[in-house]
Amino acid sequence: MKLSVIGCGYLGAVHAAAMAELGHEVVGIDVDPNKVATLAAGEAPFFEPGLPEILASGIASGRLSFSTDMADVVGAKVHFVAVGTPQRKGENAADLTYVDAAIDSLIPYLSDGDLVAGKSTVPVGTAARLAEKVAAGSGAHLAWNPEFLREGFAVEDTISPDRLVYGLPGGDAFEVAKSALDEVYEVALSRDTPLVVTDYATAELVKVSANAFLATKISFINAMAEIAETTGADVTQLADAIGFDARIGRRFLNAGVGFGGGCLPKDIRAFTARAEELGRGESVAFLKEVDSINLRRRQKVVDLVVESFDGQIFGKKVAVLGLAFKPDSDDIRDSPALDVAARLKGLGAEVIATDPEAIANAKRTHPQLDFTTDIDEALTGADAVVVVTEWKVFRELDPARVAGLVARPYVIDGRNCLVPSDWRDAGWTYQGLGRP
Ligand SMILES: NC(=O)c1ccc[n+]([C@@H]2O[C@H](COP(=O)([O-])OP(=O)(O)OC[C@H]3O[C@@H](n4cnc5c(N)ncnc54)[C@H](O)[C@@H]3O)[C@@H](O)[C@H]2O)c1
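Residues numbered from 1 in each chain as written. Predicted model: local features only at pLDDT ≥ 70, side-chain atom pairs only at ≥ 80, totals over all residues. Heavy atoms only, no water.

A. Structural context of the nonpolar core. Formed by 52 residues in total, the largest nonpolar core has its most connected members in V305, L344, L379 and V385. Mapped onto this core, the elements with two or more residues apiece are α12 (286–308), β9 (317–321), α13 (336–346), β10 (350–354), α14 (359–365), α15 (375–379), β12 (384–387) and β13 (410–413). Setting aside residues up to four positions removed in sequence, V385 forms contacts with A319, L321, L379, V406, Y410, V411, I412 and W428. In this structure, M1, M19, A143 and L149 belong to the second largest nonpolar core, which totals 41 residues. (Core = buried A, V, L, I, M, F, W, Y, C linked by side-chain atoms within 4.5 Å. Buried < 20%, exposed > 50% of the residue type's maximum accessible area, 1.4 Å probe, protein only. Helix = DSSP H or I, 4+ residues; strand = E, 2+ residues; numbered from the N terminus. Contact = heavy atoms within 4.5 Å.)

This is the structure in structure tokens:
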């Protein structure tokens, strides 16, 4: 099947390459000429495990191409819209200008019976508005097909999703849209991937409510961490114990420095803003508390570092292990790790940060920080070590060996990802979050 993907960022580039891997013929369109040139050369413009391989094989097969020219979508039957929907500056609401611009520039190239399939995360009501736009300017139809991929597992999640959601139009367009998406996702559907066929509003809400739920789960355990900190309890044992209840489950119950990235924080804020617009602000007012708990955890890590120096942090060398918002990604959007590094620097610490993949991105946004790709160099002479992204290379550090590098063996485990007894036995003062 011939497909186009408009917007080739973390979502779109993976979607385009994965669809080509499944046998479709795909053109990816982006307004960023550098990104397009990189992708067209078969290289990944960002770190995502498995992406370089499927990009290279897609380009080599001739089924995958990239362009800045929207005219190249002509001939495709389904057009996925995967452009960004960031938080508006100074507001909580989502900025939909990229989605509108993408649809406006796509409309002149649509043929009768084509399907525009929105993948971006949008406030409820957006698809209905865009469907009118598409219908007024073309003979194409619109569906909303939210994306649930996880960065770090994006290729696997796109090729083998845990569910598919189609938000479809009514009337005659319903069957046209459904059969087009069924053809796109034929491989996943043949493996009995659960499919929810619904209307636009439900499809849009499925995505934002899934992210709201995940954010709430993380902030719930982080709230318990705050209580644990004042009572001497251990939140990791608490999470294990409550997680044995199948109704609760252990996943997404890791207390730490909190969530970040290009989705959860802005999605819960946009959801709050949209609910307020709809006169239902009270229904999701709790998400403001979810956001506050999350942001407090960043300050908590900073406070622990400062306290470890009895308030005298100026000039102290702090090694920050992690910059990406999560491991196996180079994404630093709203990253708690980078935020902690910047706050420590702002307090006068001599911060040296390291990350296996995110240094180039962090350098662009935070040139005031010092970076090294060499973990040992970051640790050498450090007065405190802060682990803020749970990369495997950090989890597997040998505490006895690295104790010999630092000036003072003091580690703050902002992800509760180290084994405290191993570090204490090696002579370190270990401090986790929500644990004694
Ligand atoms: N990243 C994720 O893990 C993820 C997961 C699920 C859903 N989403 C949602 O997917 C959407 C995209 O997210 P992302 O992380 O890929 O963002 P991103 O910023 O990495 O990518 C967006 C891309 O769209 C391009 N673009 C902007 N305007 C354009 C236009 N008019 N025409 C063509 N291209 C244009 C940009 O140049 C950029 O490359 C967002 O709504 C996000 O919430 C993201």
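B. Main features of the site of the ligand. Surveying the vicinity of the ligand reveals 26 residues, the closest of which are D30, K35, T85, E151 and K266. A distance of 2.7 Å is found between an oxygen atom of the ligand and a side-chain nitrogen or oxygen belonging to K35. Here the shell around the ligand is built from residues that sort into 12 nonpolar, 6 polar and 8 charged. (Near = heavy atom within 4 Å. Polar contact = N/O pair within 3.5 Å; in protein donor to acceptor, adjacent residues only side chain to side chain. Nonpolar A, V, L, I, M, F, W, Y, C, P; charged D, E, K, R; others polar.)

C. Geometry of the pattern of salt bridges. Per the stated rule, a full pass over the model turns up 31 salt bridges. Of the charged contacts, one joins K2 and E25 as a salt bridge, the two residues approaching to 3.9 Å between their closest N and O atoms. Of the two residues, K2 sits in strand β1 (residues 2–6) while E25 sits in strand β2 (residues 25–29), which places them 23 residues apart along the sequence. Accessibility expressed as a relative area gives 42% for K2, which makes it partly exposed. Classification of E25 by relative accessible area gives partly exposed; the value is 39%. In this structure, a network of salt bridges that share partners links the residues R269, D291, R298, D334, D339 and R343. (Salt bridge = Lys/Arg side-chain N within 4 Å of Asp/Glu carboxyl O.)

D. Spatial organisation of empty space enclosed by the protein. This model, assessed by the stated rule, comprises 1 cavity of 30 Å³ or more. In this structure, the largest cavity encloses a volume near 100 Å³. In terms of lining residues, the largest cavity is bounded by 13 residues, among which V122, P123, V208, A270 and F271 are the most central. Of all the secondary-structure elements, those providing two or more residues to the lining of the largest cavity are α9 (200–231) and α11 (264–277). By residue number, the principal contributor to the lining of the largest cavity is α11, which donates 5 residues. Taken domain by domain, the lining of the largest cavity gets at least three of its residues from each of domain 1 (2–198) and domain 2 (208–291). (1 Å grid on protein atoms, 1.4 Å probe; cavity = no way out; pocket = protein on both sides within 12 Å on 5 of 7 lines; lining within 4 Å. Points joined across faces, edges and corners; volume = space filled by probe spheres on them. Domains from an automatic or database assignment.)

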